[in-house]
Amino acid sequence: GWPLLRITIFGTGYVGLVTGACLAETGNHVVCVDIDADRVAQLSRGDVPIYEPGLDALVTGNVNAGRLTFTTDAEAAVAHGRLQFIAVGTPSDESGAADLQYVRQVADTIGRYMTEYRLVITKSTVPVGTADEVRATIRAALDARDVSPEFDVASNPEFLKEGAAIEDFMKPDRVVIGVDNERAADHLRALYAPYNRSRDRCMVMDIRSAELTKYAANIMLAAKVSMMNELAQISDRVGADIERVRTAIGADHRIGYHFIYPGCGFGGSCFPKDVRALGSTSKQHGYEPALLDAIEGVNMRQKRVLFERLQAHFGDLAGRTIGVWGLAFKPNTDDMREAPSRTLMEALWEAGASVRAFDPEATGEARRIYGDRADLALCDSALDAARDVDALVVVTEWHIFRSPDFDELKTLMAQPVIVDGRNIYEPDYLRREGFTYYGIGRAAGNPAPV
Ligand code: UDX
């Protein structure tokens with residue numbers, strides 16, 4: 001077997017919590033520390049504040065088995081783990097750069113309390129060069145105490161996708177390990193050995209390459225989506241159907257079918273923030289990026305297409321009621337950070353329209369963000385959200401939206417207008433059923449193939 005490791009994780013957000021639960025699941029003893037006492041108390045009861053398939057059971061099981069504990073006691077947490085993960089948030093600051101204040105605070109805390117060797121690993125997405133800052137911060141805190149236990153720093157970015165986070169952690173495509181010595185590399189290889197049984201997925205490299213890899217992966221993916229969305233805009237104007245184009249180009253292995261779905265723009269906690277942050281890093285180092293800014297520019301425009309489509313159809317939207325299917329930025333999550341649904345709803349309210357919305361998981365989150373307001377009805381079912389609406393907009397492609405009872409829908413809706421922000425329906429079928437159908441990049445009225 002592999003040595004059981006004592007692990008400390010700072011931050012119980014998405015990345016910290018999934019990492020902690022998964023590492024505990026394979027037998028390690030994991031302490032997760034957070035400054036938010038309410039969150040710690042909640043998690044200690046096995047109550048998981050985010051929706052992520054399988055995470056509840058994993059947390060509860062490992063808490064009950066005594067392998068996973070939550071605390072606010074930073075001193076005890078630093079004493080616990082030979083490996084100390086930093087998994088706190090790195091939000092965008094006003095300039096778009098990643099705000100490192102929480103990362104620095106954790107590094108300082110570790111330096112303030114450590115008495116023996118520690119390997120400090122950044123798992124948060126952090127700009128290139130952050131490991132050096134972490135090292136300097138720890139060093140300064142140790143100097144202030146006039147002690148000098150040994151420590152290493154490493155970069156080990158997380159690539160998990162929300163909605164598939166546990167699967168991604170347990171069966172990673174690759175594990176990126178950025179280190180500057182063998183001791184640190186050995187610790188991390190041992191840590192990930194249980195997830196490497198079919199093949200060695202560890203890619204050991206220098207720290208800066210590891211830090212850049214995380215951004216590079218997300219930027220490539222975001223660029224694919226923006227490229228498709230730009231093609232969809234062109235497709236609409238030249239009278240083509242982007243879905244036919246997509247299936248044809250995906251057949252080229254160099255392009256591939258993954259991640260080339262046009263839609264109403266990308267959201268979430270990673271893509272928008274990381275595109276901005278890499279742009280900012282690039283400028284700080286004297287290189288003016290051309291493509292990076294375009295990825296975000298296209299996306300911002302794309303997030304407005306649903307509203308513009310409605311405006312083009314109805315003219316004045318004041319007094320209209322619009323049904324919204326899907327609030328989360330993608331299926332299988334309740335996360336609404338930078339979600340296209342928010343751009344749409346806010347524009348509709350601005351124009352004097354009201355919204356009836358349904359999402360299988362995110363209505364609670366919507367209530368938290370927007371509170372109670374007269375122009376937002378959060379509904380208990382998809383059909384309820386379609387009742388008496390002038391148009392229905394599909395914003396998130398949850399499975400349950402894929403095959404609704406169109407007859408019933410048409411009866412419920414005030415007008416049979418569907419705006420399909422994820423191209424999940426067959427345009428000809430809907431038109432035959434009597435709907436006015438708008439997709440993304442599927443030129444309205446495009447003739448069926450002969
Ligand atoms: C992403 C990366 O995939 C993950 O590796 C990284 O660790 C964090 O960021 P996530 O934000 O959870 O993960 O979502 P993802 O499934 O990648 O989707 C991102 C956004 O792109 C969503 O808004 C989604 O709707 C959109 N998207 C994705 C498209 O519009 N078209 C596609 O073809 C794929």
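Rules used in this analysis
Residues numbered from 1 in each chain as written. Predicted model: local features only at pLDDT ≥ 70, side-chain atom pairs only at ≥ 80, totals over all residues. Helix = DSSP H or I, 4+ residues; strand = E, 2+ residues; numbered from the N terminus. Buried ≥ 20, exposed ≤ 12 C-beta atoms within 10 Å, placed from the backbone. Contact = placed C-beta atoms within 7 Å. Expected span 1.5 Å × (residues − 1). Near = placed C-beta within 6 Å. Nonpolar A, V, L, I, M, F, W, Y, C, P; charged D, E, K, R; others polar. Core = buried A, V, L, I, M, F, W, Y, C linked by C-beta atoms within 7 Å. Domains from an automatic or database assignment. Axes fitted to C-alpha atoms, helices over the stretch in contact; angles between N-to-C directions. Parallel < 35°, antiparallel > 145°, perpendicular 65-115°, else oblique. Left-handed = near helix turned anticlockwise from the far one by under 90°. Pairing = 2+ DSSP bridges. pLDDT = per-residue confidence, 0-100. UniProt positions renumbered as here; feature names shortened; annotations may be inferred.

Novice: Quick question: what am I supposed to make of the overall build of the chain here?
Specialist: Looking only at helices and strands, the chain features 18 helices and 14 strands. Principal-axis analysis of the C-alpha atoms places the extent of the chain at approximately 75 × 45 × 45 Å. Classification of the 450 residues of the chain by burial places 46% in the buried group. Here the contacts in the chain between residues at least 6 apart in sequence split such that 71% fall between residues at least 24 apart.

Novice: Just checking my understanding: could you explain helix H11 (residues 271-284) for this structure?
Specialist: Within an α-helix, residues lying three or four positions from one another point in the same direction, as the helix has 3.6 residues per turn. Look at H11: 20 Å from first C-alpha to last across 14 residues, which is about the 20 Å you get at 1.5 Å a residue. The complete set of buried residues in H11 reads Phe271, Pro272, Lys273, Asp274, Val275, Arg276, Ala277, Leu278, Gly279 and Thr281. Looking one or two places after H11, you find Gly286, whose phi comes out positive at around 85°.

Novice: Please explain the site of the ligand as it appears in this structure.
Specialist: In the region of the ligand, 18 residues are neighbours, and Glu162, Tyr261, Phe266, Gly268 and Cys270 sit closest. Broken down by element, the shell around the ligand gets its largest block of residues, 3 residues, from helix H9 (residues 207-238). Residues of the shell around the ligand, tallied by class, amount to 11 nonpolar, 4 polar and 3 charged.

Novice: What is the right way to read the nonpolar core from this model?
Specialist: The tendency in soluble globular proteins is for nonpolar side chains to be buried as a group. In terms of nonpolar packing, the biggest core is built from 122 residues, with Val120, Val324, Trp325 and Val393 touching the most fellow members. The leading source of residues in this core is H9, at 9 residues. Lining this core are residues from two domains, each supplying at least three of them: domain 1 (6-205) and domain 2 (239-438).

Novice: Sorry if this is basic, but what is going on with the packing of helix H1 (residues 14-25) against helix H3 (residues 55-64) here?
Specialist: Geometry of a packed helix pair, given as the angle between the helix axes and the separation of the axes. At a closest axis distance of 9 Å, the pairing of H1 and H3 adopts a crossing angle of 55°. The orientation of H1 with respect to H3, classified from their angle, is oblique. Of the two possible hands of crossing, H1 and H3 adopt the one that is left-handed. For the pair formed by H1 and H3, the contact residues are Val18, Ala21, Ala24 and Glu25 on the first element and Leu55, Leu58, Val59 and Asn62 on the second. A per-class count over the contact of H1 with H3 returns 6 nonpolar, 1 polar and 1 charged.

Novice: What's the story with the sheet that holds strand S11 (residues 376-378) in this structure? I'm lost.
Specialist: The pairing of strands in a sheet comes from backbone hydrogen bonds and takes either a parallel or an antiparallel form. Spatially, the 6 strands line up as an open sheet ordered S11-S10-S9-S12-S13-S14, and their pairing is parallel. Strand pairing shows two members of the sheet lacking a second neighbour, S11 and strand S14 (436-438), which therefore form its edges. Neighbour-to-neighbour, the strand axes of this sheet turn through a mean angle of 20°, independent of strand direction. Where strand S13 (residues 417-420) meets S14, 3 bridges bridge the pair, whose relative direction is parallel. Note on S14: the bridge partner recorded for Val417 is Thr436. Taken strand by strand, helix H13 (residues 305-314) contacts strand S9 (321-325), strand S12 (391-394), S13 and S14, and its axis lies near 155° from that of S13. Together, S9, strand S10 (354-358) and S12 form the strand contacts of helix H14 (residues 340-350), whose direction differs from that of S9 by roughly 170°.

Novice: How should the confidence of the model for the chain be read in this particular structure?
Specialist: Low-pLDDT portions of the prediction should not be read for the details of their coordinates. The predicted model of the chain averages 95 in pLDDT, with 98% of residues at 70 or higher. Overall fold confidence (pTM) sits at 0.93, and the ipTM for the predicted complex is 0.94.

Novice: Would you explain the UniProt feature "domain: UDP-glucose/GDP-mannose dehydrogenase C-terminal" (unreviewed entry) in the chain in this entry?
Specialist: Look at the UniProt record and you will see "domain: UDP-glucose/GDP-mannose dehydrogenase C-terminal" (unreviewed entry) annotated at residues 323-427. Secondary structure across residues 323-427 divides into 30% helix and 18% strand, with the first and last C-alpha atoms of the span separated by 19 Å.

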